[in-house]
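Architecture and fold: a report
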Amino acid sequence: MTGTVLVTYGTKNGSTAHIAESIADALREKGLTVETMRAGSVPFVDRYDAVVVGGGLYAGRWHKDARSFVRRHRKDLAGRPVWFFSSGPLDTSASERDIPPVRGVRRAIQDLHARGHATFGGCLDDDADGWPARWILRSGNGGDFRDFEAVTAWASGIAGELKG
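Quick summary incoming for the structure in this document.

What counts as what
- Residues numbered from 1 in each chain as written.
- Predicted model: local features only at pLDDT ≥ 70, side-chain atom pairs only at ≥ 80, totals over all residues.
- Heavy atoms only, no water.
- Helix = DSSP H or I, 4+ residues; strand = E, 2+ residues; numbered from the N terminus.
- Rg over C-alpha atoms; globule rule 2.2 N^0.38 Å.
- Buried < 20%, exposed > 50% of the residue type's maximum accessible area, 1.4 Å probe, protein only.
- Lys, Arg positive; Asp, Glu negative; His and termini not counted.
- Charge placed at Lys NZ, Arg CZ, Asp CG, Glu CD.
- Patch = residues over 30% accessible without salt bridge, like charges linked within 9 Å, V, L, I, M, F, W, Y side chains within 5 Å.
- Areas by Shrake-Rupley, 256 points an atom, 1.4 Å probe, with all protein chains shown as cover.
- Salt bridge = Lys/Arg side-chain N within 4 Å of Asp/Glu carboxyl O.

Attention now moves to the overall build of the protein chain. Helices and strands together make up the secondary structure of the protein chain, namely seven helices and eight strands. The C-alpha radius of gyration of the protein chain comes to 15 Å, within 12% of the 15 Å expected for a compact globule of 164 residues. Buried positions account for 48% of the 164 residues belonging to the protein chain. Of the charged side chains in the protein chain, 22 are positive and 20 negative; the average position of the first set lies 9 Å away from that of the second.

Set out below in structure tokens:
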């Protein structure tokens, strides 16, 4: 592959954006050309040779911008290599075992014949927006559970497939 990879994401407080940027950096380090963009800002995907789509998990659902992106671009995504990632568990579970995708993501994986999916730990900082976030933080369940070594390793696998 000699074209460009799009890494796009839906995020509420920025944690998933940081994961997306880490994926993009790892792909660049392997010699790929990469663009990173919020899922709600992507006007088209036909100029990209491959796409990585990520979404933060909120109450068992992928971020709405990631869901909308997949629906809006379903036809064009079907013709290129696609990977999905999720972020969200506010504990160490994503580093300890493979967490399957939520139902909507699982359906998109099947429909688009996606090449893979990974779930990474999430991050909920004290400055997070929204009453659910504040409630989670008050209950003592916030923190940063992202494993950037795992993110880089997963992205390196994608690069290997694309360059293979």
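So that's the structure; there's more coming.
With that settled, consider the environment of Pro101. Looking at the secondary structure, you find Pro101 in the loop between helix H4 (93-96) and helix H5 (103-112). Once the C-alpha coordinates of Pro101 and Gly143 are considered, the two residues, 42 residues apart in sequence, prove to be 22 Å apart.

Quick look at the environment of Val45 now. By secondary structure assignment, the location of Val45 is in the loop between strand E2 (33-38) and strand E3 (50-58). We classify Val45 as buried; its relative accessible area is 0%. Separated by 31 residues in sequence, Val45 and Asp76 place their C-alpha atoms 6.5 Å apart.

What follows deals with a positive patch on the surface. A cluster of like positive charges, contributed by Arg61, Arg71, Arg72, Arg103, Arg106 and Arg107, occupies part of the molecular surface. Mapped onto the positive patch, the elements with two or more residues apiece are helix H2 (64-72) and H5. Counting residues per element, the positive patch draws most heavily on H5, which supplies three residues. One can find Arg103 in helix H5. According to the relative accessible area criterion, Arg103 is exposed, its value standing at 61%.

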